[in-house]
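Listed here are the chains, written in short residue letters.
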Amino acid sequence: MDPHTEPSKTQRQRWPLHFRILAAMVVGTVIGLALNPGKIPLTQDVHLQVTRSDEGISVQETVTGAEDGDAAAILFRESFASDDEFRRSYPRLMELLGENDTVQVPVTDGVARVQHEMSGTTVIWQRKHNEVPAVSQFSAREIDQLPAFWKQIATEHPPGVTHQVISLVRFIGDLFLRLLKMVTVPLIATSLITGVAGLGAHGGFGRMFGRTLFYYLGTSLLAITTGIILVNIIQPGVGATLPGGGRTISSPEGTLGEILIAQLLRMIPQNPVQAFANGEFLSIISFSILFGMFINVVGGDSGKRLADFFDAAFHVMMRMTTWIIGFAPIGVFAFMLYATATQGFEIFGILAKYMITVFLALLIHGCVTLPVLVRIFGRRSPVAFAKAMTPSLLTAFSTASSNAALPLTMSCVEQRAGVSNRTSSFVLPLGATINMDGTALYEAVAVLFIAQATPGFDLTLAQQITVAITALLASVGAAGIPHAGLVMMAIVLQAVGLPLESQGIIIAVDRILDMCRTTVNVWSDSCGCAVIDRVTNSPQSES
Ligand code: ASP
């Protein structure tokens, strides 16, 4: 509330948000790694026992020599409902189970090893087994609920300052997440109503409107497809455990038809107020679009009053979101510290693969798909066009905001690339709001990554299609401001039944990905201008 609590203008200029986020990430990581208690060596010999029954497969580790059923001797127990679930966690062990119902895996010198002859070849399964996660990250109450064996370790390695710090940063991270969630619904609603109502001001553009919409939807779907293909090939989330994750959740069942019908029904809320209250995004999006359209249908004084009202509300929501995003350095600091303090170095491998997947997919879309469209339908040299757009693309990259880059995009498209104002004044503002190829691609990759990293969560083809459709809607609903895509991801997570909390860790690397995806968003709007200008107005030669 108090403007004096915000950093001064000069401070902001010296430290742009992305640098502050970067610094927070580095500092959080360093402190987290320093606090990471590491793993505690397990000196005792253990047995891993795999049992198959009608209910599924269960894996249990016990201290060697303990009586059967001695609860105090159980180190760990996990059950899997299906072979597929089991295979994810213990890929090679599954092969051994093929012929046996029970496998005993003795641990010697800290390594669990079993050797088995199968069809003439020797299958060796082994797992480094001389460590258990440090218990000092658990609270005293949590330790109390641990199996007896762990309790003993906990007594030898009592919870220390690490635990206090971990609890605190987790709390701070949660506060930041809650703030983001708070603005999501009003932001989507006002952004869409204003965007759709604004179209009325451009009467007589029916043909251009249809083509523009077709281009927007087409390129976004191409981007999403690229992302989904890459995430399935690279599989960045397989074998990764997200901090705070590890719990098994059930995925929604149903065939593609059933899932799509359910989505369709969700698009028509029986009670919009209830939909808003429950944060049912699909309902909110469809209702807002209709509302915006009917503001135009009603028109006149009432229409204008409402359009002005929602425009004002949208500006307030944008400002509020920007204010919350100002806390991103604190949120990122908390998330990085939490992640590295609980997971150590392992976390970097997980995020690196995820980031590479997003980068690669954006690169393919931005450097192959869109230029091909500019060449074929816009009849222009993509390289010359990209050169003309450089100032706008660089602004998009550094501000991570399509809206911030919009004035520059308009001037580059018109003055440097020679596109008519008639086209750009319509295509660009609309594009900055609803055409976000980079964001759509990112939503799909991030959600599939989270799904891959969530134990027991398998996304069927039908569900991946649901992800694609909701990612498209999320990108349409995202405002052109930094991190809007992250806020909108809730829609996609909700559609496939993933917990919103699983977003936690990817927030840490969102800024850099945001800069890249915003560049692709603005590039796609610009390419759209070139294409639509060419197909709508009289053919313009490049000159
Ligand atoms: N920052 C993006 C944009 O302004 C939206 C997003 O967060 O994906 O285009």
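Preceding this paragraph is the structure being described.
Residues numbered from 1 in each chain as written. Predicted model: local features only at pLDDT ≥ 70, side-chain atom pairs only at ≥ 80, totals over all residues. Heavy atoms only, no water.

**Let's talk about the packing of aromatic side chains**
The way to describe two aromatic rings as a pair is by their centre distance and the angle between their planes.
Then comes step 1: On inspection of all chains with the given rule, the structure shows 8 aromatic pairs.
Then comes step 2: Seen from their ring centres, F287 and F291 are 6.0 Å apart, and the 35° between their planes marks the pair as tilted. Of this pair, F287 and F291 both sit in helix α11 (residues 281–298), separated by 4 residues, roughly a single helical turn.
Then comes step 3: A relative accessible area of 32% places F287 in the partly exposed class.
Then comes step 4: Aromatic pair F385 and W523: ring centres 5.7 Å apart, planes at 35°, arrangement tilted. Here the residue F385 occupies a position in helix α15 (residues 382–399), and W523 occupies one in helix α22 (residues 510–536), the gap between them amounting to 138 residues. Both residues of the pair, F385 and W523, belong to the buried class. (Phe/Tyr/Trp six-rings, centres within 6.5 Å; stacked < 30°, edge-to-face > 60°. Helix = DSSP H or I, 4+ residues; strand = E, 2+ residues; numbered from the N terminus. Buried < 20%, exposed > 50% of the residue type's maximum accessible area, 1.4 Å probe, protein only.)

**So, the site of the ligand**
Then comes step 1: S402, T439, G485, D514 and R517 are the nearest of the 16 residues found near the ligand.
Then comes step 2: Separating an oxygen atom of the ligand from a side-chain N or O atom of S402 is a distance of 2.4 Å.
Then comes step 3: Note that a nitrogen atom of the ligand is positioned 2.8 Å from one of the side-chain N or O atoms of D514.
Then comes step 4: Relative to its unbound accessible surface of 270 Å², the ligand loses 100% to contact with the protein.
Then comes step 5: Ranked by residue count, the leading element in the shell around the ligand is α22, at 4 residues.
Then comes step 6: For the shell around the ligand, a count of residues per class yields 6 nonpolar, 8 polar and 2 charged. (Near = heavy atom within 4 Å. Polar contact = N/O pair within 3.5 Å; in protein donor to acceptor, adjacent residues only side chain to side chain. Areas by Shrake-Rupley, 256 points an atom, 1.4 Å probe, with all protein chains shown as cover. Nonpolar A, V, L, I, M, F, W, Y, C, P; charged D, E, K, R; others polar.)

**Brief notes about the state of the cysteines**
Then comes step 1: This model, assessed by the stated rule, comprises 0 disulfides.
Then comes step 2: No disulfide involves C527; its sulfur sits 9.5 Å from the nearest other cysteine sulfur, which is in C529. (Disulfide = S-S within 2.5 Å.)

**Comments concerning the pattern of salt bridges**
Then comes step 1: For the structure shown, the criterion picks out 4 salt bridges.
Then comes step 2: We note a salt bridge from D308 to K304, for which the minimum N-O separation is 2.7 Å. Residue D308 and its partner K304 are located together in helix α12 (residues 300–325), separated by 4 residues, close to a single helical turn.
Then comes step 3: The class for D308 is partly exposed, based on a relative accessible area of 41%.
Then comes step 4: When the shortest N-O distance is used, the salt bridge between R517 and D514 registers 3.4 Å. Of this pair, R517 and D514 both sit in helix α22, 3 residues apart, which is roughly one turn of the helix. Assigned by exposure class, R517 and D514 land together as buried.
Then comes step 5: When salt bridges with common partners are traced through the structure, they connect D510, D514 and R517 into a single cluster. (Salt bridge = Lys/Arg side-chain N within 4 Å of Asp/Glu carboxyl O.)

**Topic: α22**
Then comes step 1: Compared with the 39 Å implied by 1.5 Å per residue over 27 residues, the 37 Å span of α22 between its first and last C-alpha is a close match.
Then comes step 2: For α22, the buried fraction is high: 25 of the 27 residues fall into the buried class. (Expected span 1.5 Å × (residues − 1).)

**Here's the deal with the nonpolar core**
Then comes step 1: Among the nonpolar cores identified, the biggest contains 101 residues, and Y354, Y442 and M489 are the most heavily contacted of them.
Then comes step 2: If sequence neighbours within four positions are ignored, M489 has contacts with Y442, E443, A446, V447, I450, Q503 and I506.
Then comes step 3: In this structure, I166, V169, L337 and A341 belong to the second largest nonpolar core, which totals 6 residues. (Core = buried A, V, L, I, M, F, W, Y, C linked by side-chain atoms within 4.5 Å. Contact = heavy atoms within 4.5 Å.)

**Here's the deal with a nonpolar patch on the surface**
Then comes step 1: A grouping of I364, V368, V372, I376, F377 and V535 is seen on the molecular surface, where their side chains present a nonpolar patch of about 490 Å² in accessible area.
Then comes step 2: The greatest single-element share of the nonpolar patch, amounting to 4 residues, is contributed by helix α14 (residues 346–376).
Then comes step 3: With respect to the helices and strands, the residue I364 is situated in helix α14.
Then comes step 4: Among the residues examined, I364 registers a relative accessible area of 33% and is labelled partly exposed. (Patch = residues over 30% accessible without salt bridge, like charges linked within 9 Å, V, L, I, M, F, W, Y side chains within 5 Å.)

**Section: unusual backbone geometry**
Then comes step 1: The backbone of Q235 sits at a positive phi, close to 50°, despite the residue not being glycine.
Then comes step 2: Tracing the chain through its elements places Q235 in the loop between α8 (206–234) and α9 (256–266).
Then comes step 3: On the basis of relative accessible area, Q235 is assigned to the partly exposed category, the value being 32%.
Then comes step 4: Even without a glycine there, the phi angle at R379 is positive, about 50°.

**Observations concerning the environment of K181**
Then comes step 1: Along the polypeptide, K181 turns up in helix α7 (residues 161–198).
Then comes step 2: Once the C-alpha coordinates of K181 and A490 are considered, the two residues, 309 residues apart in sequence, prove to be 8.3 Å apart.
Then comes step 3: When near neighbours in sequence (up to four residues on either side) are disregarded, K181 contacts L500 and E501.

**Remarks on the environment of Q274**
Then comes step 1: On the secondary structure map, Q274 appears in helix α10 (residues 272–278).
Then comes step 2: Overall, Q274 belongs to the partly exposed group, its relative accessible area being 46%.
Then comes step 3: Spatially, the C-alpha atoms of Q274 and I284 are 9.9 Å apart, while their sequence positions differ by 10 residues.

**Things to note about the side chain of T369**
Then comes step 1: For T369, the position within the fold is in helix α14.
Then comes step 2: Once residues within four sequence positions are removed from consideration, T369 is found in contact with L222 and I364.

**A look at the packing of helix α18 (residues 437–453) against α22**
Then comes step 1: Their axes nearest at 6 Å, the elements α18 and α22 cross at an angle of 135°. One finds that α18 runs oblique with respect to α22. In this structure, α18 uses D437, G438, T439 and Y442 to contact α22, whose residues at the interface are D510, L513, R517, V520, N521 and S524. (Axes fitted to C-alpha atoms, helices over the stretch in contact; angles between N-to-C directions. Parallel < 35°, antiparallel > 145°, perpendicular 65-115°, else oblique.)

Treat this as a map of the structure, not an account of what it does.
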